[in-house]
Structure formats: C-alpha cells, structure tokens
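Architecture and fold: a report
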Amino acid sequence: MQREVESAQRGQGDWRTRGRARKADADGYVERDGVRIFYETFGTGQPTVLMLPTWSVLHAAHGRFQVADLARHYRVVTFDGRGNGRSDRPRGRHAYTGHEFVADAVAVLDATGTDRAVAIACSLATHWLVRLAAEHPDRVLGAVASGTNLPLEPPVPAVDDLVPFDEPYRSTEGWAKFNAAYWRDNYEDFLRFFFAQVWTEPYSDKVIDDCVAWGLETTPETLADTVGANPMTEAEALDLISRIRCPMLVIHGADDAVTPVERSVRLAEAARADLVILDGAGHCSGNRDPVRFDLLVREFVDALAPPRPRTRGWTRAARRPRRVLFVPPGAGLGTIRRDLAIAASLRTVRPGVLIEWLAAPPARMTLEERGERIHPASDALASEADALDLAGGEHELNRFAAWREMDEALFVNFMILDDVAAQEHLDLVVADGARQVDHHLHENPELKRFAYAWLADSVGWLPAPEGGDREARLTASANAEMAWQIGRYPRVRDRSIFLGTVEDLPLAALGPGLPSIRDWASASLTCTGPIVGLDPGEIEGRAALRRALGWTADERVWIVTAGGTGLGAALIRRSIEAFAFARKHEPSLRLVVVAGPRLDPSALPAGEGVEVRGYEPELHRLLAACDLAIVHGGLATTTELVSLGRPLLWLPFRNDSEQRHHVAHRLRRYGAPTALEYATTSGEALAMAALDAMRRPVHYRRLPEDGAVRAAALLAELV
C-alpha cells in the first residue's frame, strides 16, 4: 500500500527535553507498512504498564503524570500515536482505523520485549483498548478505561448548527467548530475550545495551554484524517467487550462535557468491571486529578500482580519518637540555611525530636555537609533546579512560567511524599515554599496524615511587566485558586507562617476582585519576622575571619555568587569584566567567584586577581568577610548581606516577578541600594557602581534575630 507520510514535526523536543520529570530509559521506532511509530520505556518494575495513545490531537505527553509516577513502581511503555509526536503522519482515513492503532500497540509490545501489560486508555483510546484486550487476550493483563467514548447508549446530545464534518461550516460557535473546514481556517481556536470542554474544572489553564501547544504539533489536515476512521457500532463495541477476559477498571468524571458518564456505567456493567465516578471531574482525569487517578491505577495494578511479600513492623504510638520531615525549596541554598536555623531551634525546644529532610540537590548538598539526616526517598525526587535552569535565559528567569512548566516534577515529588506518609509515621511535615505539597494536599485533603506547616517568604504571584495581559490573567487565576483552596480547607494547614513582617508584604492586589497580598496574608498567616540563616557564633570577628580566609588587611575583596541554579553565569561573566575595569582604579582588588554547584568553574573566564570556586558550603563566611557582594535578587542571600552589614549590588533577573516585586519591596524597607539592570549595565558601568558602593557606608535597617526561634516555637506546638 502506498502512503504519503509527513515527517514527525515541530516542538516535540521541547516537552521531551525541557518539561519532563523523568527521562526515558530507552526509546526507538517500530515500522509497519512504511509508518514509523516512536516508543519509550521507563522503569524496571513489574508488571509493565502500557499507556495507549489517545486521539492524535495529542502525543504521549497526555499520560505524562502517569509515566512520572507509575514508572517508580512498574515498567511503563508509551508510544506516540500515528499522526502526532515523533511518529509519522500517514495520509488518508484508512491509516487511522482502530485496527491500525491496535497493530501499532502489539508491535510496540513486541519491540520492547513485553509479553503482557496492563493497558491504560483515555477517551478515544478506549476503542483500541477493548479491541486489544478482546483480540489479543494473551497480551493484556488488565485494562483501565478513562472517560470512554465507546458508542454505547446514551449518544452524545445533538448540537445545533453541527453540519457533517466534511461540509462547509455555517456557525463558528461551540461544537460547530468540530469541522474540517473550520480547522483549516481556525485550527488553534478549535483546539482551545476543544480542550476547554475536556477540562471543565476551574483553574485548568495550565493543562489547556499545554494541550493546545501539543495539538499544534500536528496539522488540521492530519487530524481530519482521523475523524470517521473508527466507525464502531454499539453492537461491535458490546461484542468486543464481551470477549474481554482480563480484569478492568473504569474511571469517569461526573461532569464530563465530552462524553456521557453513562457510557462508562454501561462499559463497567458489560465488562463486569470496577467503576469509579469522580464527582466534579471532567473528561480526562489523569491530567487534572493525577493524584487520585494514579492511586486508583496503582491499587488496581497491585491487585493484579501483588508486590513481593514485605517484612513490616509497627511501633506503638507511645514508643514513637517525635518525627519531623522538612521539605525545603528545591533550588535554594540560602533558604536551606534558614531552614537549618529553624530546625536547630526546634531541637532546642523539643529535645530528642527526629528531623529528616526530603531534599534534592543542590539543597541536599548543604544538608549533607551539616550532617543532617536525608530521607532515602530523596533519591527519587525530580530536580526543580534543572527545570529552573532550562527555563532561564541570559540573566533571565520568568519564575511563574517556570513554576507552571515544572508541574510534572512537582507532582511526582508530592507522590513521593505521599508514599512516605503512607508507609511511615510522621508527626509533622514542614513545607518551606514547597508549593507541590500545599497544592496537592488541598486538592486531596484526605491524604493529610500528619500535622502540616507551611512556610513562605513571599505570598502570591505578581506578573512581570514583560508578561503582559496574559501573565496578569494567569497569575490572578493562580492566586484565586490558592485563596479558594485555603478558604475551603483551612484544616489542611495547621500552621501558615510568613517568614517576615506584615510590612514586608507588598500592597499589590492578588488579582481583580481579590484582596491585597498584605491584607490576605495578614488574615491567613502568622508572621515571625525575617529569618537569617546565620549563627553569630559561627562567624569570627571580621578581621580574624579575613585572616583565616587568607585575605590581607590591605586587600579589597569582592564576592560574586551564582546561587543554587546555573542562571548566574551571565552575571559572573559581567562581574569579571567589571573587575578588570575596577582594578585599574583600585589595584588592591581581589575577586572571588563562587560558581555554586551547577556551574563548571573551569568554564568561567579567570584572570589576574580572580579566584573561581565551585560549590562553597561556607559561603556565609565569605559574605561576612567581603568588602562588596554582587548578587542577583535571591531573598535569602540579600537578607544575609543586610544582616551582616555588607555593601551589596544586586541585579535581579529579567522577568522574575519574585525578585522584582517581593525582594525589591523588602530591600527598599531594609535600606539596601536600588537594583541595577543587567541589560543596561555594562562591565565598565558595573565597575564604577561597585567601587562607589564599596566605599560608601551602609545604613541598613537592623533585622530582628529571633525569627528562627519564633518559627520553631510555632512548630513545636504541633509535635
């Protein structure tokens, strides 16, 4: 058979290389009749889970939350359905029948050495799920059907103005957009409409935006070929279902606006399957309610192939130690010193308390240096620092956009915490800025098995000026969701702690019709004052400290540091350039570059008077001894410098709303200098500003020193 095949196209690499919490262990292509199908495998556990592709409007990313979590327990196989992703786009409806998709699935099972698998399907893919299970019973251990649109009674309600798919459209409203000609004229508009029907739940902006982008990775002509390619009748569907012999789980959202929930009821009855109806949920629950969906799938899979017997113990409550699990920010080195100060105070208030840390690098490095106890589950955490590095540019970070893009990593990190809590007793979980814990606990409050404290040094999102109206709308939506969650389930947070004073909070509104950040936080959080992660007893007198560091009395030492991500490289290079200019005016200058854990020191330019270091666990000692620090706008580091009374220059990342709003507001209050703009500050201009700042006396506001003690006292009440 001769086929016209379009090549796999456009930004698939973006998701596969930038947005994933877990990379594939192996990948490849299988070819059938000249059509190449791209597949991937993840994990080594048993049994194997096969994620079937859904309608070709999406590629394998539709199952990304399942892959990220299930691959920690089982082996997972995915493939891009023909028509999207890295698979080919054959032309003609004959290329998109259910028989072809099932044959692709069998070929992928063969290519990956999979004898049998638990198959998971969503929406249209339930057509190939029942066919695969009925016609290849030896290959399917179990089946999970979500949001089925099998042609079972009742039919989808009739839609006014909906003409046959291949005829000219006569309306541009609603489901009338489901039309080949409309797709050719307004494809992206159709995608946005369609996915808004798939996820009708409030605050679904992110999943809709993602799927519109992935839908654009195919063409309206290719997608039109898939329509009408699966003309299954109800009788054929019931016949296939009657031939299924494996156990089945059926899941459906009660508020599905794409296909009636009654179809899943009929499917479950005909297949003698377990049925779970998710009240308030829309069409594809694996994307919008991934925590509950994955827990249901894991329960089903474990019942099919129970794990090996385990040796387990139990400790009577009276014999259990007080156990606290800290979940720190994924990329902050300054914030981890702050958390260590709180932990030290908590140990003083509650002697014998057992404190562990669920932490990924680079924060984990500092904890290990201090001899802290790292929970073994930390080994499986997805890296937030990786996501930030990938999201940034030259001295640029849209932190809000980066947070949205790392939803997969944040989800899997929550599931790791949930597994720990399900298997071990925890008296208290302390989440410092760990939004994944807060978000998913409020989405699934029944999973709270411990006292829970939320710590934050900023509250809410504010749009960066460069983000325009779209970012303003999205940040307002995120803030509204947060305020709604906390208002609806106040019992989730046993303590809500702001690591600052009321005056440290901006007066800006959370969004249209929402209160100001200061007003909302004042009513919802307890303030401890700022916490500086420094123990004065650890820092010698400045003269003695400089001698210990090998710096002479007549030297003037600048420090430039990149922090816990790799985004500081541009500022380091600009600072080295500035140092060369400044040394002409101040020959005694010395520059110490702290590249941090994520930059290769050997890749940075060096010259006379420049010392380049890698990760520096004693960075606070360098900051205390220096004559000037050049940093970007991290709150923890700038607050340390204010507390130490050291001159500083700070150049916030472009597009970083946290640094440009929250940090800028605080530093103004503390009497720190106004930020410099990296884009308009040349090396020579930075040199002149640095020399001036170094010579000018500082007059910072004195910061309270009891913030960590106050935070620990609030936590101690919970243990």
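For the structure, see preceding data.
A few points on the structure. Along each chain, numbering runs from 1 in the same order as the chain's sequence is written. Restriction of local features to residues with pLDDT of at least 70 applies here, the model being predicted, together with a cutoff of 80 or more for giving and counting side-chain atom pairs; totals for whole chains, interfaces and linings are based on all residues. Only heavy atoms go into the side-chain values, all of them from the structure, while hydrogens and water stay out.

The linkage connecting E153 with the following residue, P154, adopts the cis geometry, with an omega of 0°. With respect to the helices, strands and loops of the structure, P154 is situated in the loop between β8 (140-146) and α5 (180-198). In the Ramachandran plot, D33 falls in the positive-phi region, its phi being about 50° despite a non-glycine side chain. In this structure, D33 sits in the loop between β2 (26-32) and β3 (35-42). Unusually for a residue other than glycine, S123 sits at a positive phi of about 60°. Residue position: S123 is located in the loop between β7 (117-122) and α4 (125-135). Segments assigned H or I by DSSP are reported as helices when at least four residues long, segments assigned E as strands when at least two residues long, and all are numbered from the N terminus.

Further remarks concern the layout of surface pockets. By volume, the largest pocket is sized at about 1,100 Å³. Cavities and pockets were defined on a 1 Å grid built over protein atoms only: a cavity is a set of grid points that admits a 1.4 Å probe from which the probe cannot escape, a pocket is an open set flanked by protein on both sides within 12 Å along at least five of seven lines, and lining residues are those with an atom within 4 Å of any such point. What lines the largest pocket is a set of 39 residues, among which N149, V156, W175, F178 and V258 lie closest to the centre. Top element by residues in the lining of the largest pocket is α5. It accounts for three residues. Here the residues of the lining of the largest pocket sort into 26 nonpolar, eleven polar and two charged. Grid points are joined across faces, edges and corners, and a volume is the space filled by probe spheres set on the points. Polar here means any residue outside two lists: the nonpolar Ala, Val, Leu, Ile, Met, Phe, Trp, Tyr, Cys and Pro, and the charged Asp, Glu, Lys and Arg; Gly therefore counts as polar.

Two modes of strand pairing occur in sheets, parallel and antiparallel, and in both the strands are linked by backbone hydrogen bonds. Here we have eight strands laid out as an open sheet, ordered β2-β3-β5-β4-β7-β8-β9-β10, and mixed in their pairing. Sheet topology places β2 and β10 (274-278) at the edges, where each strand pairs with a single neighbour. For this sheet the average axis-to-axis angle between neighbouring strands, irrespective of direction, equals 20°. Where strand β4 (residues 48-51) meets β7, four bridges bridge the pair, whose relative direction is parallel. Within the sheet, the bridge partner assigned to M51 lies in β7 and is I120. By this definition, two strands are paired if DSSP reports at least two bridges between them. Every axis corresponds to a line fitted to the C-alpha atoms, with the helix fit spanning only the stretch in contact, and the corresponding angles, defined between N-to-C directions, vary from 0 to 180 degrees.

On to the packing of helix α3 (residues 98-111) against α4, then. It is at 9 Å that the axes of α3 and α4 come closest, and there the two elements cross at 60°. If you check the angle between α3 and α4, you find them oblique. Read as a crossing pair, α3 and α4 show a hand that is right-handed. Mapping the contact onto sequence places G98, H99, F101, V102 and V106 in α3 and W128, R131, L132 and E135 in α4. Of the residues in the contact of α3 with α4, the class split is five nonpolar, two polar and two charged. Orientation categories follow fixed angle ranges, with anything under 35 degrees roughly parallel, anything over 145 roughly antiparallel, 65 to 115 roughly perpendicular, and all other angles oblique. By convention, the crossing between two helices is left-handed when the near helix turns anticlockwise from the far helix through less than a right angle, and right-handed when the turn is clockwise. Any pair of residues with heavy atoms lying within 4.5 Å of one another is described as a contacting pair.

Okay, the side chain of D80 next. Relative to the assigned elements, D80 resides in the loop between β5 (75-79) and β6 (89-90). Per-residue accessibility, obtained with a 1.4 Å probe over protein chains only, is compared with the maximum for each type, and a residue is labelled buried under 20%, exposed over 50%, and partly exposed between these values. On the basis of relative accessibility, which here comes to 0%, the residue D80 falls in the buried class. From its side chain, D80 meets the backbone nitrogen of R86 in a polar contact 2.8 Å long. Here a polar contact is taken to be a pair of N or O atoms separated by no more than 3.5 Å, where protein atoms must pair a possible hydrogen donor with a possible acceptor and residues adjacent in sequence count only if both atoms sit in side chains.

Right, let's get into the sheet that holds strand β13 (residues 373-374). An order of β13-β12-β11-β14-β15-β16-β17 is seen for the seven strands of this open sheet, with the pairing classed as parallel. Both edges of this open sheet fall to β13 and β17 (526-527), since each of them pairs with a single strand only. Where strand β12 (residues 354-357) and β13 come together, two bridges link them in parallel fashion. Looking at β13, one finds that W357 is bridged to I374. Strands β11 (323-327), β14 (428-432), β15 (451-456), β16 (495-498) and β17 of the sheet are contacted by helix α26 (residues 707-716), whose axis makes an angle of about 175° with β16.

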